[in-house]
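These are the residues of each chain, in order.
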Amino acid sequence: MTDQRSQAEIVRQSLKRRYRKERRFRAYGILAIAIALSALVVLFVDIIGKGYTGFTKTTITMEVELDGEMMYLDDATDKKQIKMADFVEPLLQALIKQVPGATEENRDAVRDLLNPYASNELRDMLEQNPEWLGTTQTLTVLAHTDVDVYVKHAGDDAYSIKLSDRQQRWVDQLVEKEVVQTSFNDVFFSSGDSRDPSRAGILGAIVGSLLTMLVTLVLSFPIGVAAAIYLEEFAPQNKLTDFIEVNINNLAAVPSIIFGLLGLAVFINLFGMPRSVPVVGGLVLTLMTLPTIIISSRAAIKSVPPSIREAAEGIGASKMQVVLHHVLPLAMPGMLTGSIIGMAQALGETAPLLLIGMVAFIVDVPDGFFDSATVLPVQVFLWAGSPELAFIERASAAIMVLLAFLVSMNALAIWLRKRLERRW
Amino acid sequence: MIKLKTALTTVALAGSIAAVSTPAMARDTISIVGSSTVYPFATVVAERFGSSTDFPTPKLESTGSGGGLKLFCAGIGTQHPDITNASRRMKTSEYDLCQKNGVKDITEFRIGSDGIVIASSQKADNLDITLEQLFLALGKQVPSPDDETKLVANPYEKWSDIDSSLPNVAIRVMGPPPTSGTRDSFNELALQGGCEDLPAVADMSEDDMEGVCQSVREDGAFIEAGENDNLIVQKLIDDKGLYGVFGYSFLEENSDRLQAATLNGMVPTAEAIAADEYPVARSLFFYVKKAHVGVVPGIADYAEFFVSPSAMGQNGYLKDVGLIVPPRDALMKLQDKASNMPNLAKEELM
């Protein structure tokens, strides 16, 4: 009796300490989560703070007199004349009229407010509407990147304002007159890369990413699932299959740049495939995602309870019928989740693409699997290294688009799992 | 039946592999590789070329000068690039590689110059330094302050330890990593330029001298910043005691916030670099593979477009991006070159 009481006493005495220990342990956990969350918050605040201005563009809207004589153009349907014509002059004259106090003498200073490619915009508009020649139209063209930076970031130390004091006054007045306006940056979503930040867009990179991902998905999903089914359901348990298994697990941990080297050596140097094309990119990323897909597919197949297989076999189904009719449908949600996560990883990959030439300056939006292309993360990488400061906000905006893609892919994976998963 | 199916699949598979592995795939886009220093200029030309001619916009990869020449010289055929950019001249060994792989006819274009600058925030003390002092500040092994024929590990901690006219702040210089062409040129032109006349290395063999002169100290005074020159610029603005090494175009882009150090009495201006008076200046090139002219459309037109006065003239758009353009008569010669495409001879490179 006395012995028992003293034991209860010991427990009671240690109770406080044990509770304290538990509380401390919980606090560590909360601290860990707080650190992870704050890292995420810092990342998002930084990217969004730098990048949200990338989603707006600065334009100049004005009445432009399309005088044929001024442009050296008397027939806008003539390709040759269009090529030689001067499209800067009408824009410049229109802008001089808008700028208070500007005259012919300051034409160079006024011209520096126009985007260097504004004349190409006008050319394209005239090519589409030849009847505009000789009329006056209200046109909206892009402003120069320096104007764009000034309108968005005047007073921000991180940016250098390159306009002269006089030009700054002009722009202030033009903003007041609503000649210079900011609006949603549709150029960013409708064009390829450019060396002029205000003309640069991510459409080329998005299409490149989609083409590459398509190749990756079409190749890696069937191969991965087939390999997983064979290894899990049909393969005999012996030294050879053990060896294969170990190697697949190791492959999943191989740094991705190695796959890039492999792609360079095999697909480009041996097979003579062209550089910088989505097919080669897709093949390399297939090699990279295959282990992830095989491992997750095998785990999904393993989680199908043996009773299902036994029941199917019990009523006389063949091995193949068991797998195709019962195991595979039940394992599919897990396989899909694994594949989507593998694809999301591939979408954010840059290193292997460096070696096969997908890190390149490509202006035209790719229109096929054998067309030169880049992908989204590569576009971010290229812009982040550009000397023009206005590319910083474009790079951050592109990161946001990339993150949106990744988040939606992960959300799809979660949704599929929630919807299709069955528990036993 | 099953056998037939397998046979068909096998044939289809073999066929697709064969189709994929046919080497000479037709290409209508010019493929350009090469130096990351020329890249900002060449991309502007390429983009304008694409938007003002009927040819597609050329594709540009930034592989570094050496990497670009290696790809360029790998052979004839559309899987190999048509043009390579370089921030130094082709070496004779590279020329030989080209010849060996059948790339016989090459045309060289010297498109202008670029300078490497040492810059700091405008609020910092500006450096007015000779190349010799620069080597003493950054070399791994420098002549001992007591006995100038003996080499010791770099003892200098402040700029003013080297010469009392220099600012009294700790030596901290941020620069590109060894993989960068800018670093190669900096080592070769700035550091070796300041070191090779020192008595301590005068008697060494050429290799040993290069080893001493081009080794940068590793005790934290020289900070490697990765290939991102923007990052260096940002750090310089935040930190008044820091100096940075990068290309002239980045200085021009940030001229309202940065100032450039005076080297051997020369301020890096476009004129001084073009005239080769600024000590750390180099020429930029691009090389055209003549066998591809006519096979891939637009190569000759691109070369002409690059050297046209609207691009490289005194008012050209490349000047706005920071290229130091060649003088008028050199530009005229380049235009002749673009229309005649003369072959580069090995003797020219020696």
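The rules behind the values
- Residue indices begin from 1 for each chain and proceed along its sequence in written order.
- All chains are assigned letters beginning with A, and all ligands numbers beginning with 1, in the order in which they are written.
- In view of the model being predicted, local features appear only for residues whose pLDDT reaches at least 70, and side-chain atom pairs are presented and counted only at 80 or more, with totals across whole chains, interfaces and linings using the full set of residues.
- UniProt positions are given in the numbering used here, feature names are shortened, and annotations may be inferred rather than shown by experiment.
- Secondary structure counts use DSSP, requiring at least four H or I residues in a row for a helix and at least two E residues in a row for a strand, with both numbered from the N terminus.
- Note: domain ranges come from an automatic or database domain assignment.
- What counts as a contact is two residues whose backbone-derived C-beta atoms lie within 7 Å of each other.
- Residue classes follow a fixed rule: Ala, Val, Leu, Ile, Met, Phe, Trp, Tyr, Cys and Pro count as nonpolar, while Asp, Glu, Lys and Arg count as charged, and any other residue, Gly among them, counts as polar.
- Residue burial here comes from a neighbour count, namely the number of other C-beta atoms, placed from the backbone, that lie within 10 Å of the residue's own C-beta, with 20 or more meaning buried, 12 or fewer meaning exposed, and in between meaning partly exposed.
- Two strands form a pair only when DSSP identifies at least two bridges running between them.
- Orientation is described by axes fitted as lines to C-alpha atoms, over the contacting stretch for helices, and by angles from 0 to 180 degrees between their N-to-C directions.
- Helix span, expected: 1.5 Å multiplied by one less than the number of residues in the helix.
- Here the arc refers to the directions that run from the helix axis out to each C-beta atom.
- Each nonpolar core reported here comprises buried Ala, Val, Leu, Ile, Met, Phe, Trp, Tyr and Cys residues connected via C-beta atoms within 7 Å.
- Put simply, angles under 35 degrees are roughly parallel, angles over 145 are roughly antiparallel, angles from 65 to 115 are roughly perpendicular, and the rest are oblique.

Observations concerning the UniProt feature "transmembrane region" (unreviewed entry) in chain A
All names here are of chain A.
Then, in step 1: The UniProt record annotates "transmembrane region" (unreviewed entry) at residues 25–45, 202–231, 251–273, 279–301, 322–344 and 395–416.
Then, in step 2: End C-alpha atoms of residues 279–301 are separated by 30 Å, and the span's content is 100% helix alongside 0% strand.
Then, in step 3: When the span residues 322–344 is considered, its composition is 100% helix and 0% strand, and the gap between its end C-alpha atoms is 31 Å.

Section: the UniProt feature "domain: ABC transmembrane type-1" (unreviewed entry) in chain A
Then, in step 1: Listed under "domain: ABC transmembrane type-1" (unreviewed entry) in the UniProt record, and renumbered for this structure, are residues 206–413 of chain A.
Then, in step 2: Measuring from the first to the last C-alpha atom of residues 206–413 of chain A gives 21 Å, for a span that is 76% helix and 1% strand.

Some details on the domain arrangement of chain A
All names here are of chain A.
Then, in step 1: For chain A, the assigned domains are domain 1 (2–52), domain 2 (56–195) and domain 3 (203–420).
Then, in step 2: Taken over C-alpha atoms, the centre of domain 1 sits 37 Å from the centre of domain 3.
Then, in step 3: Tallying the contact residues gives four residues for domain 1 and six residues for domain 3.
Then, in step 4: Tallied by class, residues from the side of domain 1 that touches domain 3 come to two nonpolar, one polar and one charged.

A few points about the environment of B:Ala345
Residues and elements named next belong to chain B.
Then, in step 1: Of note, alanine 345 is situated in the loop between α15 (328–340) and α16 (346–349).
Then, in step 2: Classification of alanine 345 as exposed rests on a count of 11 C-beta atoms within 10 Å.
Then, in step 3: Between the C-alpha atom of alanine 345 and that of tyrosine 95, which follows or precedes it by 250 residues, the distance is 9.0 Å.

Regarding the sheet that holds strand β2 (residues 136–142) of chain A
Residues and elements named next belong to chain A.
Then, in step 1: The strand order β2-β1-β3 describes an open sheet built from three strands, whose pairing is antiparallel. Of all strands in the sheet, those with a lone pairing partner are β2 and β3 (180–184), marking the two edges. Direction aside, neighbouring strands of the sheet carry axes that sit 35° apart on average.
Then, in step 2: With seven bridges joining them, strand β1 (residues 56–65) and β2 adopt antiparallel strand pairing. Counterpart to glutamate 63 in the pairing with β2 is threonine 138.
Then, in step 3: Across the sheet, helix α4 (residues 88–98) is in contact with β1 and β2; its angle to β1 comes to roughly 95°.

Points about the interface of chain B and chain A
Then, in step 1: Each partner contributes to the interface: chain B provides 30 residues, whereas chain A provides 23 residues.
Then, in step 2: At the level of elements, α2 (39–52), β2 (59–61), α9 (229–238) and α10 (248–253) of chain B are the ones that each hand at least two residues to the side of chain B that touches chain A.
Then, in step 3: With seven residues, α2(B) is the single largest residue contributor to the side of chain B that touches chain A.
Then, in step 4: Here the side of chain B that touches chain A is composed, by residue class, of ten nonpolar, eleven polar and nine charged.

A word on the domain arrangement of chain B
Residues and elements named next belong to chain B.
Then, in step 1: You can read the domains of chain B as domain 1 (27–114 + 282–349) and domain 2 (115–281).
Then, in step 2: When each unit is reduced to the centre of its C-alpha atoms, the spacing between domain 1 and domain 2 is 30 Å.
Then, in step 3: With 14 residues of domain 1 at the interface, the matching set in domain 2 holds 14 residues.
Then, in step 4: Of the residues that constitute the side of domain 1 that touches domain 2, the class distribution is four nonpolar, eight polar and two charged.

Quick look at helix α8 (residues 165–176) of chain A
Residues and elements named next belong to chain A.
Then, in step 1: Along its twelve residues, α8 runs 17 Å from first to last C-alpha, staying within 8% of the 16 Å computed at 1.5 Å per residue.
Then, in step 2: The complete set of buried residues in α8 reads Gln167, Trp170, Val171 and Leu174. Seen end-on, α8 carries its buried residues on one side only, within an arc spanning 95°. Relative to its buried face, α8 has exposed residues pointing more than 90 degrees away, namely Asp165 and Glu176.

Concerning the nonpolar core
Where a protein is soluble and globular, its nonpolar side chains tend to be buried together.
Then, in step 1: A:Leu91, A:Leu95, A:Val171, A:Leu376, A:Ala398 and B:Tyr287 are the most contacted members of the largest nonpolar core, which has 186 residues in total.
Then, in step 2: With eleven residues, helix α13 (residues 278–302) of chain A is the largest single contributor of residues to this core.
Then, in step 3: Excluding residues within four positions of it along the chain, B:Tyr287 makes contact with B:Phe72, B:Ile83, B:Thr84, B:Ala86, B:Met90, B:Ile106 and B:Glu108.

A few points about the packing of helix α15 (residues 319–347) of chain A against helix α18 (residues 390–420) of chain A
Residues and elements named next belong to chain A.
Then, in step 1: At their nearest, the axes of α15 and α18 sit 9 Å apart, and the two run at 175° to each other. In terms of axis orientation, α15 runs roughly antiparallel to α18. Contacts between α15 and α18 involve Met332, Pro333, Leu336, Thr337, Ile340, Ile341, Met343, Ala344 and Leu347 from the first element and Phe405, Leu406, Met409, Asn410, Leu412, Ala413, Leu416, Arg417 and Leu420 from the second.
Then, in step 2: Of the residues that constitute the contact of α15 with α18, the class distribution is 15 nonpolar, two polar and one charged.

Re helix α4 (residues 92–100) of chain B
For an α-helix, 3.6 residues make a turn, and residues three or four places apart therefore share a direction.
Residue and element names in this part refer to chain B.
Then, in step 1: When α4 is considered as a whole, its buried residues turn out to be Glu94, Tyr95 and Cys98. Axial view of α4: buried residues confined to an arc of 105°, hence all on one face. Exposed residues on α4 whose side chains face more than 90 degrees from its buried face are Ser93, Asp96 and Lys100.
Then, in step 2: Buried-residue contacts for α4 involve α3 (65–72), β4 (106–121) and α16.
Then, in step 3: Of the residues trailing α4, glycine 102 is marked for its positive phi of about 90°.

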